[in-house]
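# Analysis of the macromolecular model
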Amino acid sequence: MSWKSPENILYTKTDEWILIDEQTATIGITDYAQDQLSDIVYVELPTIGDNFKAKDIFATVESVKAAADVNMPVDGLITEVNNSIEDEPELINSDPYEQAWFVKIDISNQEQTKNLMNATEYIEYCKSRSS
Amino acid sequence: MSYIPHTDADRKTMLEACNTKSIADLFSMIPEQHRFPDLDLPSPLSELEILQELQELSESNANTTHYPCFLGAGAYYHFIPSLINHMLLRGENLTAYTPYQPEISQGTLQTMFEFQSMISALTGMEVANSSHYDGATSTAEAIIMAVNHFRGKRTKIIVSPTVHPQYRQVINTYTKGMGLTVLGEENLQADTDDLITQLDDNTAIFIIQSPNFLGTVEDIEGIKNAVHDMGALLCVITNPISLGLFKPPGEYGADIVVGEGQPLGIPMSYGGPYLGFFATRQKYVRKMSGRLVGETVDKRGKRGYVLTLTPREQHIRRDKASSNICTNQGLMVTAATIYLSTMGKNGLKHLAELCYHKAHYAANKINELPGYSVINNQPFFNEFTVSCEKPVTELNKSLFDNYGLIGGYNLENDYPHLENHMLLAFTEMLSVDDIDSLVEALGAI
Amino acid sequence: MKNSEPTIYDISSPGRKGVNLPIPDVPIEDIPDDLLRKDLNLPELTQLDVIRHFQQLSQLNHSIDSGFYPLGSCTMKYNPRINEDAARMPGFLHSHPLQDINTIQGNLALMYELQELLKEIGGFKGVTLQPAAGAHGELTGIMMMRDYHLSRGDTARNKILIPDSAHGTNPASTTMSGLEVIEIPSDSRGNVDLDILKSKCGDDVVGLMITNPNTLGLFEEQIKEVVKIIHDCGGLIYGDGANMNALTGILRPGDIGFDVMHYNLHKTFSTPHGGGGPGSGPVGVSEKLVDFLPAPIITIIEEGDEDNPPLFGFTTPKHTIGRIKAFNGQFGVLVRAYTYIRIHGSSGLRSNSEHAVLNANYLRSKIEKTYNLPYKRACLHEFVVEGCWQEAPNIHALDISKRLMDFGFHPPTNYFPLIVREALMIEPTETESKETLDKFADVLLQIADEAKTDPQVLIEAPHNTPNARLDEVQAARQLVLCCRPAYLPEPEPMQT
């Protein structure tokens, strides 16, 4: 099995990705995560202005067989949500890193980005779980 | 009596295949000192003997086919068209289980889908699930849904004191560990205006019953605005037969409509099994617990039905599920679906009218009796409250012993301010003669 | 749209009638206009239309009456028809739940006796008949355990330990009671891992919820040790009685220290499953919890004598958790279960469990060389195998299940318990004959063969059922939950 995992972003152990642009960031779930869930039929997103700590559940995704919580990689304030994935949750399966981002945030704690994995580390981590 | 097919020869072959000498050896892992306890149970009976014994027990009850029944209070004696029982007894309905495998469960699934459709139509709501255990647990599930809708951020629940007392008890039991504040029982005489003053932006849900426990049809228009102004959800508990005639709660702004489905073709059977119906707005569907059937197609393009939105449920979400419910009231849903199909739009309306007219005839007569007065000063459906001069237990004893009538519900245990008040219910099963005998008896006691 | 059964709305025709009600024999009373509904969208049909429709629908179901139903953990045994006649006796069927107790002694006597029978069968000191289903019984039991500790001022306890093989209802019931779930892994023999169990025990533990035999059909070999560990830390033991069909007359859970257990009357005691309900989940408790039972329970108010039977009535336990359901439980289900227990007596119940266990072990012995058994030891009333082979990489438990339908069998429970990959959980029950088990085993072996030689026949299965595989993704994405409103487009066929 191989999963896409772009080099320019960071990853969590709970299969979220985060693209950091100075004080702000974009967050979604990884190719590995969408593959494990299979056809995603529903996503529930937070509202703009919600504040979360790292590891807090900020969204939920459901396939017909499973439901998964989506966790914050770092502390942050929600500044934008991607409503298009609510209408077309299948985008999360087809394009998890571009069209199917979940939220944009203002990062509250830059230090926490040091705890995240890079693409190489994340690929290894995925392989270790699927063997 | 036994239903086991094994012959001695079968047992012998089967034990050999298992490499075991005796059946008892199959249980060698059970702690020996407790293995094969000597159960002190009555001796086994043949089918004939147990039927005779049950016949005797059953006949020692006073049943409503012999005693005109004026008792309602959440369960009602209605006519049930014969075909329903015949259809329920079909083995394909009776002995199927949860439709986990849709290819061989389309009968159950389509029946549940049609039930959802008819409950939506009846309540005026967009979606309905395929039932909870009963009206009381449906109401408790409405609270859980509202709390989930607000993601636990709103913690106040307002329950009108004229909600069925047993429903309120179930609500109190269910919510005890949930960190909620349930208001409404501090003052059992509170009216809706008093309740509205309790609303605030921490209120998740406002629950009202209409017709309420004392029989009155509530004026919900005003309440609706107050509830929605605070962003809270409005839950209306209702009697489904009343909806044959009355405006459905969906039309006056309810967010959740629940109630007891027993009047829809289900025998009273001393309190169960019944079904709790549950309907809501499409936008809340993913927060609704309970089994839900959706339409889809199969590989060949043929229409079919499946259980849907199951990731909300306990077998996937486990400790994060919105509720622990994992069944519905299956066969009772089938009964109600066949009932509503048979009654149809005109039958249900006619039935509701019969109940309405009989209750109003009785109310007018009882109001003329010295010492009795009907206290409902708003419209009512098939049930109303009478203030009496004597204790209700005394009246009911005399009604039963001297007139062969099952009297009304004694309200004073649940509502101390309603000492000597009786709740009377009327359905199509009571003839004008039955009602006249009640009036005559009340006048004479 | 291909020839599927039309919906009840499709066959409705304005003006048809299914019922003739009497004309009012009382004066007509004005009904205020503002109360009236404008329209009621219910179908209009004759009785024959209704019967044909639901008759057609019923033919699309598999049921116990139509064939073998080895659905693990559901105990799909024969449902004796005498139960139906018993529950429909007019004195039971037409009694109102709020009638004065003096007019309803038959019902109360039956309920009292059933409480006593269940106490004896489970080895408990008290029983409530109120819970409406197994999961409802769990909720009741967990609430009692919680309140027991609270009433003793032991307020720090908020955790329930649950093995990873448990039914999903166990953790869900725990959360609903406001408590926290701690999952305990299973060891290599399918038992609770004792070391981990010990490490999680402390003065924050409300108790353990355990299914025995567990969902693998295996008896917890160290059950007495497990009970001791939990009791030593001040916790209580909750037994999930889903698998009690393995143990009636064999072992009383109360005797080995279980404090609470729910019975599934619709499993162990043969009441019909009805397409998903009604169930009934009475709960038995040890001495410690008798005062916490839901209110009311049935008791003797006045002892009888030679000439008079006792007077039965209601009582409220001192520290009751309250009421868990309106009225008197699923009374009609209680009548059925009572009938069944009285027919069997002690010897009959024991014989049921013995033959349920014999059937499961026999079936296991016939297929275990072909279907991998992850925990290799004797089972009780059910067992779990893996529905997958290295030689058939594209075949899943689901494919085996769907293929079984072509032979007229209901598939086993799939994908549960979660700790076995591609799980197939098989529970034959005692009322199936050796011939049926042989036929089922032969078909399972044939399917295993097909999986390796002709996998497509499994992947495309079922072939002979009313519907082929259904598109669950579409159902969830384009929610249609009631008869199709006209504005929605016809759904597209599923891509294969």
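## Considering the overall build of chain C
Along its length, chain C carries 14 helices and twelve strands. Expected size for 496 residues packed as a compact globule is a radius of gyration near 23 Å; at 26 Å, chain C falls within 12% of this value. In terms of principal-axis extent, the alpha carbons of chain C reach across some 80 × 65 × 45 Å. Within chain C, residue pairs in contact and separated by at least 24 positions form 71% of the contacts whose partners lie at least 6 positions apart. For chain C, the exposed area adds up to about 16,800 Å²; of that, 47% sits on carbon and sulfur atoms. Counting 43 positive and 64 negative side-chain charges, chain C places the centres of these two groups 3 Å from one another.

## Digging into the sheet that holds strand β3 (residues 24–29) of chain A
Residues and elements named next belong to chain A. Spatial ordering of the open sheet is given by β1-β2-β3-β9-β8-β5, a layout of six strands whose pairing is antiparallel. Because the sheet does not close on itself, it has two edges, and the strands there are β1 (10–11) and β5 (51–52). Here β5 pairs with strand β8 (residues 76–81) via two bridges, running antiparallel. Bridge assignment links Asn51 to a residue of β8, and that residue is Leu77.

## Focus on the packing of helix α4 (residues 105–122) of chain C against helix α10 (residues 331–367) of chain C
Residue and element names in this part refer to chain C. It is the contact of α4 with α10, at a shortest axis distance of 10 Å, that shows an interaxial angle of 45°. By the criterion of interaxial angle, the relationship of α4 to α10 is oblique. Classified by chirality, the crossing of α10 by α4 is left-handed. Contact residues: Asn107, Leu110, Met111, Glu113, Leu114, Leu117, Leu118 and Ile121 in α4; Phe331, Leu334, Val335, Tyr338, Ile341, Arg342 and Leu349 in α10.

## Section: the domain arrangement of chain B
Residue and element names in this part refer to chain B. Annotation of chain B at the domain level lists domain 1 (82–339) and domain 2 (344–444). Its C-alpha centre places domain 1 at a distance of 28 Å from the equivalent point of domain 2. Contact residues are listed per partner, giving 22 residues for domain 1 and 23 residues for domain 2. Both sides of the domain 1 and domain 2 interface together cover about 1,800 Å² of buried area, and 69% of this is carbon and sulfur. Considering only the surface of domain 1 that becomes buried against domain 2, Phe213, Leu214 and Leu245 emerge as the three largest contributors, covering 30% of it. Scanning the region where domain 1 abuts domain 2 turns up six residue pairs in polar contact (both at pLDDT 80 or more). The residue makeup of the side of domain 1 that touches domain 2, split by class, is 14 nonpolar, seven polar and one charged.

## Considerations on the interface of chain C and chain B
Facing 209 residues of chain C, the contacting portion of chain B comprises 185 residues. Summed over both partners, the interface of chain C with chain B buries about 17,100 Å², with 63% contributed by carbon and sulfur atoms. The residue Arg303 of chain B makes a salt bridge to Asp10 of chain C at a minimum N-O spacing of 3.4 Å. There are 86 residue pairs in polar contact (both at pLDDT 80 or more) connecting chain C and chain B. It is α10 of chain C that provides the largest number of residues to the side of chain C that touches chain B, a total of 25 residues.

## Some remarks on the interface of chain A and chain B
Contacts between the two partners involve 15 residues from chain A, matched on the other side by nine residues from chain B. Across the interface of chain A and chain B, roughly 910 Å² is buried in total on both sides, 40% from carbon and sulfur atoms. In this structure, the connection of chain A to chain B is made through three salt bridges. Our count for the chain A to chain B interface comes out at three residue pairs in polar contact (both at pLDDT 80 or more). Across the side of chain A that touches chain B, the residue classes tally to eight nonpolar, two polar and five charged.

## Re the pairing of strand β9 (residues 103–107) of chain A
Residues and elements named next belong to chain A. In β9, alternate side chains face the same way, and those of Val103, Ile105 and Ile107 are buried while those of Lys104 and Asp106 on the opposite face are not. Sheet analysis places β3 next to β9, joined by four bridges and oriented antiparallel. The partner of Ile27 across the bridge, within β9, is Val103. Two strands pair when backbone bridges link them, and β8 and β9 are joined in this way by five bridges, in the antiparallel orientation. Bridging across to β9, Ile78 finds its partner in Ile105.

## Focus: unusual backbone geometry
Glycine aside, negative phi is the norm for most residues, and most peptide bonds take the trans geometry. With an omega of -5°, the peptide bond between Ala295 of chain C and Pro296 of chain C qualifies as cis. The linkage connecting Ala461 of chain C with the following residue, Pro462 of chain C, adopts the cis geometry, with an omega of 0°. Along the chain, the position of Pro462 of chain C falls in the loop between α13 (455–459) and α14 (472–477). For Ser269 of chain B, which is not glycine, the phi dihedral falls at a positive 40°. Residue placement: Ser269 of chain B occurs in the loop between β6 (256–260) and β7 (276–280). Its identity is not glycine, yet Asn420 of chain B carries a phi of approximately 60°, on the positive side. With respect to the element layout, Asn420 of chain B can be found in the loop between β12 (409–410) and β13 (421–425).

## Points about the packing of aromatic side chains
Per the counting criterion, the structure on display carries 26 aromatic pairs over all chains. For the pair Phe68 of chain C and Phe409 of chain C, a centre-to-centre distance of 6.1 Å together with 85° between the ring planes defines the contact as edge-to-face. Of the two residues, Phe68 of chain C is situated in the loop between α1 (47–58) and α2 (82–87) and Phe409 of chain C in the loop between α11 (397–405) and β11 (413–414); the sequence distance between them amounts to 341 residues. Ring geometry for Phe68 of chain C and Phe440 of chain C: centres 5.0 Å apart, planes at 80°, overall edge-to-face. Of this pair, Phe68 of chain C sits in the loop between α1 and α2 while Phe440 of chain C sits in helix α12 (residues 434–453); the two residues are 372 residues apart in sequence, bridging distant segments of the chain. Of the two residues examined, Phe68 of chain C and Phe440 of chain C, each falls in the buried class. Grouped by ring-pair contacts, the aromatic residues Phe70, Phe380, Phe384 and Phe426 of chain B constitute a single cluster. Across from the ring centre of Phe150 of chain B, 4.5 Å away, lies the NZ or CZ of Arg154 of chain B, which sits over that ring. Against the face of Phe36 of chain B rests Arg350 of chain C, its NZ or CZ located 3.8 Å from the ring centre.

## Quick look at the sheet that holds strand β5 (residues 236–241) of chain C
All names here are of chain C. As summarised here, the arrangement of the seven strands in space is β1-β7-β6-β5-β4-β2-β3, forming an open sheet in which the pairing is mixed. Two strands in the sheet have a free side with no partner beyond their single neighbour: β1 (126–128) and β3 (180–184). On average, each strand axis in the sheet is inclined to that of its neighbour by 25°, with strand direction left out of account. The strands that helix α5 (residues 134–151) touches are β1, β2 (159–163), β4 (205–211), β5, β6 (260–263) and β7 (283–285); relative to β5, the one it contacts most, it runs at about 175°.

## Quick word on the environment of Gln169 of chain B
By the secondary structure assignment, Gln169 of chain B is in helix α7 (residues 165–175). The spatial distance from the C-alpha of Gln169 of chain B to the C-alpha of Ala140 of chain B is 10.0 Å, given a sequence separation of 29 residues.

## With respect to the nonpolar core
All names here are of chain B. By size, the foremost hydrophobic cluster in this structure holds 155 residues, and its most contacted members are Ile205 and Leu348. Of the residues forming this core, the biggest block, 15 residues, is contributed by helix α11 (residues 330–368). Summarising the domain contributions, this core has at least three residues from each of domain 1 (82–339) and domain 2 (344–444). In this view, Ile205 contacts Ala142, Ile143, Ala146, Lys156, Ile157, Ile158, Ala232, Leu233, Cys235 and Ile256; residues no more than four positions away in its chain are not counted.

Cut-off values and rules
Residues numbered from 1 in each chain as written. Chains lettered and ligands numbered in written order. Predicted model: local features only at pLDDT ≥ 70, side-chain atom pairs only at ≥ 80, totals over all residues. Heavy atoms only, no water. Helix = DSSP H or I, 4+ residues; strand = E, 2+ residues; numbered from the N terminus. Rg over C-alpha atoms; globule rule 2.2 N^0.38 Å. Contact = heavy atoms within 4.5 Å. Areas by Shrake-Rupley, 256 points an atom, 1.4 Å probe, with all protein chains shown as cover. Lys, Arg positive; Asp, Glu negative; His and termini not counted. Charge placed at Lys NZ, Arg CZ, Asp CG, Glu CD. Pairing = 2+ DSSP bridges. Axes fitted to C-alpha atoms, helices over the stretch in contact; angles between N-to-C directions. Parallel < 35°, antiparallel > 145°, perpendicular 65-115°, else oblique. Left-handed = near helix turned anticlockwise from the far one by under 90°. Domains from an automatic or database assignment. Buried area = accessible area lost by both parts, 1.4 Å probe. Polar contact = N/O pair within 3.5 Å; in protein donor to acceptor, adjacent residues only side chain to side chain. Nonpolar A, V, L, I, M, F, W, Y, C, P; charged D, E, K, R; others polar. Salt bridge = Lys/Arg side-chain N within 4 Å of Asp/Glu carboxyl O. Buried < 20%, exposed > 50% of the residue type's maximum accessible area, 1.4 Å probe, protein only. Phe/Tyr/Trp six-rings, centres within 6.5 Å; stacked < 30°, edge-to-face > 60°. Lys NZ or Arg CZ within 6 Å of the ring centre and 35° of its normal. Core = buried A, V, L, I, M, F, W, Y, C linked by side-chain atoms within 4.5 Å.

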